[in-house]
Amino acid sequence: ACIQNPLSACLDVAMYYMVRNCKTEDFVRNCCRFCGLIFIGGFRRAGLYRAFMFSSPTILVTTPEACKQVLMDDDTFVTGWPKATVALIGPKSFVNMGYDEHRRLRKLTAAPINGFDALTSYLGFIDETVVTTLRGWADRGSDFEFLTELRRMTFRIIVQIFMGGADERTAAELERTYTELNYGMRAMAIDLPGFAYHKAIRARRRLVAALQRVLDERRARGCRKTAGVDMMDRLIAAEDEGGRRLQDDEIIDVLVMYLNAGHESSGHITMWATVFLQENPEILARAKAEQEAIMRSIPPGQKGLTLRDFRKMEYLSQVVDETLRFVNISFVSFRQATRDVSVNGYLIPKGWKVQLWYRSVHMDPQVYPHPNKFDPSRWEGPPPRAGTFLPFGLGTRLCPGNDLAKLEISVFLHHFLLGYKLTRKNPNCRVRYLPHPRPVDNCLAKITRVSSSH
Ligand code: HEM
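Computed from a predicted structure; not experimentally measured.

**Let's talk about the overall build of the chain**
Scanning the chain from terminus to terminus reveals 17 helices and 12 strands. Across the 454 residues of the chain, 53% fall into the buried class. Accessible surface for the chain amounts to roughly 20400 Å². Of this, 53% is attributable to carbon and sulfur atoms.

Written out as structure tokens, the structure reads:
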């Protein structure tokens, strides 16, 4: 992992400092002491650092301007995920796809997820799922892993959108397999028994086999063409200009990627937003008052929430944005330079990897004063300057599920605020930062009903 001492635990040390909410300078100082990584830019605000990570010479990009330049230039920067990640997500998924194929499949799959019509069609299911889930937790009356259950809930939603649903047992089993896949995603790529990466590779094999079974059944039964079409139907029916259809392994890799991306981050952010609300009574009171006002404005005959109600959740949207900034669930993206290019006055050589460190942007005191304070009110006023808020990335690879994610999280918080309370068993529980920030007890907690109408 390290230029000077390939056997050192340099990468672990690097990751340890970088994934915490610490300043890049602290990381550089500590990392250099441990293993002598070489950095350009030093302690000036160059925002670019040179390192050797995941077996490749790499430039770390940490300022809004430089991130924007890289993310908006598709000719010069192509996707550049580490081989180990590609092996887990799928060599035929977006993480490893050329420009044209990516554009085609992205167009096919993104429109049915985001946008007014798509979100309207999913809202009823999301609303019902959230209401039933919260009731079930409150009826339990005992502690449970809040994060684990939230991940199951967001997984049920994404499976409904992509595969027209799955029964409770299959969904829980698949979600457990995804958890194993995820734990190996940012682990050292050691494919030996006992290591997280090895377990993740095996989890991927199980996922591929499960999705192949569903695909076989779907092909045998015939795809739906009109009512009830889901993403699997769309992928099976898709043809390029030459009339070529997608092979099973291509469909499966796109599904493995979407089902993973479509529930992990949303589940984590929902958990953190709930925790932050519960820990900050003033913020909770203001968010709750807004939801109560929305409830009062709903006409008597209306069943469930509408997108119009969701659009009125202005303060809640600030809470969600602040959670996205503060937690940095997707803290880094990977690209590769296709030619020599100058960024911020420094040369990035052709073939070098480029890592975009969103966390550094979101925790930069020059962009966000007092970055370690959870303060939703910082989102009042005009929208942030381009490149300064990148929880969903930017450019042609901007997260296609961004609106869906915000909708799911907001619907959950709406019902939580109106009727429930979270009591954590270990409120000071240690946080683990890889693969995503989470309390090591997976947020062991109890949900109690505080309003008789829920
Ligand atoms: C809070 C929730 C979420 C966060 C923070 C998040 C974050 C991100 C980020 C930062 C990227 C850009 C990666 C890059 O530039 O290489 C991305 C890509 C992606 N996300 Fe999300 N995401 C979330 C939810 C979702 C959901 C709900 C879905 C699916 C419905 C989804 C599907 C994807 C896919 C397929 C990509 C790859 C896009 C491409 O390469 O064109 N994400 N996400």
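**Side note on helix α17 (residues 402-419)**
The end-to-end C-alpha distance of α17 is 26 Å, a good match for the 26 Å that 18 residues give at a rise of 1.5 Å each. Counting buried residues along α17, 17 of its 18 residues qualify, which places the element largely inside the surrounding structure.

**Quick look at the site of the ligand**
Not every one of the 28 residues close to the ligand is listed here, only the nearest: His102, Arg106, Arg335, Arg397 and Cys399. Backbone polar atom of Ala261 to a nitrogen atom of the ligand: 3.5 Å apart, as the coordinates give it. In the environment of the ligand, an oxygen atom lies 2.9 Å from a nitrogen or oxygen atom belonging to the side chain of Arg335. Contributing elements (two or more residues each) for the shell around the ligand: α5 (99-110), α11 (248-261), α12 (264-279), β5 (332-337) and α17. Class assignment for the residues of the shell around the ligand results in 17 nonpolar, eight polar and three charged.

**Let's talk about the coordination of the iron atom of the ligand**
Counting protein donors to the iron atom of the ligand gives just one, Cys399 (SG), placed at 2.3 Å. Mapping Cys399 onto the fold places it in the loop between α16 (358-362) and α17.

**Examining the pairing of strand β12 (residues 444-449)**
Where strand β4 (residues 144-145) meets β12, two bridges bridge the pair, whose relative direction is antiparallel. Residue pairing for β12: Glu145 is matched across the bridge by Leu444. When strand β9 (residues 420-424) meets β12, the two strands line up antiparallel, connected through five bridges. Bridging across to β12, Arg424 finds its partner in Ala445.

**Quick notes on the environment of Val254**
Assignment of secondary structure puts Val254 in helix α11. As for Val254 and Ile89, which are separated by 165 residues in sequence, their C-alpha atoms are 8.6 Å apart. Setting aside residues no more than four positions away along its own chain, Val254 makes contact with Lys92, Phe94, Met97, Leu105 and Leu235.

**A word on the packing of helix α13 (residues 281-297) against α17**
Packed helix pairs are characterised by how far apart their axes lie and by the angle those axes make with each other. Direction vectors running N to C along α13 and α17 enclose 100°, while the axes themselves pass 9 Å from each other. With respect to their mutual orientation, α13 and α17 come out roughly perpendicular. Packed against α13, whose contacting residues are Leu284, Ala287, Lys288, Gln291, Glu292 and Met295, the element α17 presents His414, Leu417 and Leu418 at the interface. Of the residues contributing to the contact of α13 with α17, the split by class is five nonpolar, two polar and two charged.

**Some details on helix α6 (residues 116-140)**
With 25 residues, α6 extends 36 Å between its outermost C-alpha atoms, agreeing within 8% with the 36 Å of an ideal straight helix rising 1.5 Å per residue. Considering bend angle alone, the principal kink of α6 is centred on Leu123 and spans about 35°. For α6, the full list of buried residues reads Ala118, Leu119, Tyr122, Leu123, Ile126, Asp127, Thr129, Val130, Thr133, Leu134, Trp137 and Ala138. Buried residues in α6 make contact with β4, α7 (146-163), α14 (307-311), α17, β9 and β12. Just past α6, the residue Gly141 takes up positive phi, approximately 70°.

**Notes on the sheet that holds β4**
Sheet architecture is open: three strands sit in the order β4-β12-β9, paired in antiparallel fashion. The open sheet terminates on both sides in strands that have one partner only, identified here as β4 and β9. The sheet contacts of α6 involve β4, β9 and β12, and relative to β12 the element is tilted by about 100°.

**So, the environment of Gly136**
Note on placement: Gly136 falls in helix α6. By relative accessible area, Gly136 is classed as partly exposed at 35%. Here the alpha-carbon distance between Gly136 and Ile447, two residues 311 residues apart in the chain, equals 9.5 Å.

**Things to note about the nonpolar core**
In terms of nonpolar packing, the biggest core is built from 97 residues, with Phe146, Phe162, Leu259, Phe412 and Ile447 touching the most fellow members. The biggest single contributor to this core is α7, with 11 residues. When near neighbours in sequence (up to four residues on either side) are disregarded, Phe412 contacts Val130, Leu134, Trp137, Phe146, Leu150, Met153, Thr270 and Thr274. Counting 18 residues, the second-largest nonpolar core is a separate cluster that includes Leu48, Ala66, Val70 and Leu390.

**Details of unusual backbone geometry**
Cis geometry marks the peptide bond from Leu434 to Pro435; its omega dihedral reads 0°. Tracing the sequence through the fold places Pro435 in the loop between β10 (431-432) and β11 (438-439). The backbone of Ser55 sits at a positive phi, close to 65°, despite the residue not being glycine. With respect to the helices and strands, Ser55 occurs in the loop between β1 (48-53) and β2 (56-61).

**Points about the packing of aromatic side chains**
Counted by the stated rule, this structure contains 18 aromatic pairs. Through a chain of ring-to-ring contacts, the aromatic side chains of Trp137, Phe144, Phe146, Phe412 and Phe416 assemble into a single cluster. Sitting above the plane of the Phe144 ring, Arg140 keeps its charged end 4.8 Å from the centroid. Taking NZ or CZ as reference, Arg325 lies 5.2 Å from the ring centre of Tyr368, over its face.

**Quick notes on the sheet that holds strand β8 (residues 353-357)**
Strand order in the open sheet formed by five strands is β1-β2-β8-β5-β3, and the pairing between neighbours is mixed. Unpaired on one side and paired on the other, β1 and β3 (77-79) mark the two borders of the sheet. Averaged over all adjacent pairs, the angle separating strand axes in this sheet is 35°, with direction ignored. Note: β3 against β5, three bridges, orientation antiparallel. Along β5, the bridge assignment pairs Phe77 with Ala337. Relative to β8, helix α3 (residues 64-72) is tilted by about 130°, and along the sheet it contacts β1, β2, β3, β5 and β8.

Each value, and the rule that gives it
- Residues numbered from 1 in each chain as written.
- Predicted model: local features only at pLDDT ≥ 70, side-chain atom pairs only at ≥ 80, totals over all residues.
- Heavy atoms only, no water.
- Helix = DSSP H or I, 4+ residues; strand = E, 2+ residues; numbered from the N terminus.
- Buried < 20%, exposed > 50% of the residue type's maximum accessible area, 1.4 Å probe, protein only.
- Areas by Shrake-Rupley, 256 points an atom, 1.4 Å probe, with all protein chains shown as cover.
- Expected span 1.5 Å × (residues − 1).
- Near = heavy atom within 4 Å.
- Polar contact = N/O pair within 3.5 Å; in protein donor to acceptor, adjacent residues only side chain to side chain.
- Nonpolar A, V, L, I, M, F, W, Y, C, P; charged D, E, K, R; others polar.
- Donors = N, O, S within 2.8 Å, 3.2 Å for Na, K, Ca; no water.
- Pairing = 2+ DSSP bridges.
- Contact = heavy atoms within 4.5 Å.
- Axes fitted to C-alpha atoms, helices over the stretch in contact; angles between N-to-C directions.
- Parallel < 35°, antiparallel > 145°, perpendicular 65-115°, else oblique.
- Bend = angle between axes of the 7 residues up to and from the residue.
- Core = buried A, V, L, I, M, F, W, Y, C linked by side-chain atoms within 4.5 Å.
- Phe/Tyr/Trp six-rings, centres within 6.5 Å; stacked < 30°, edge-to-face > 60°.
- Lys NZ or Arg CZ within 6 Å of the ring centre and 35° of its normal.

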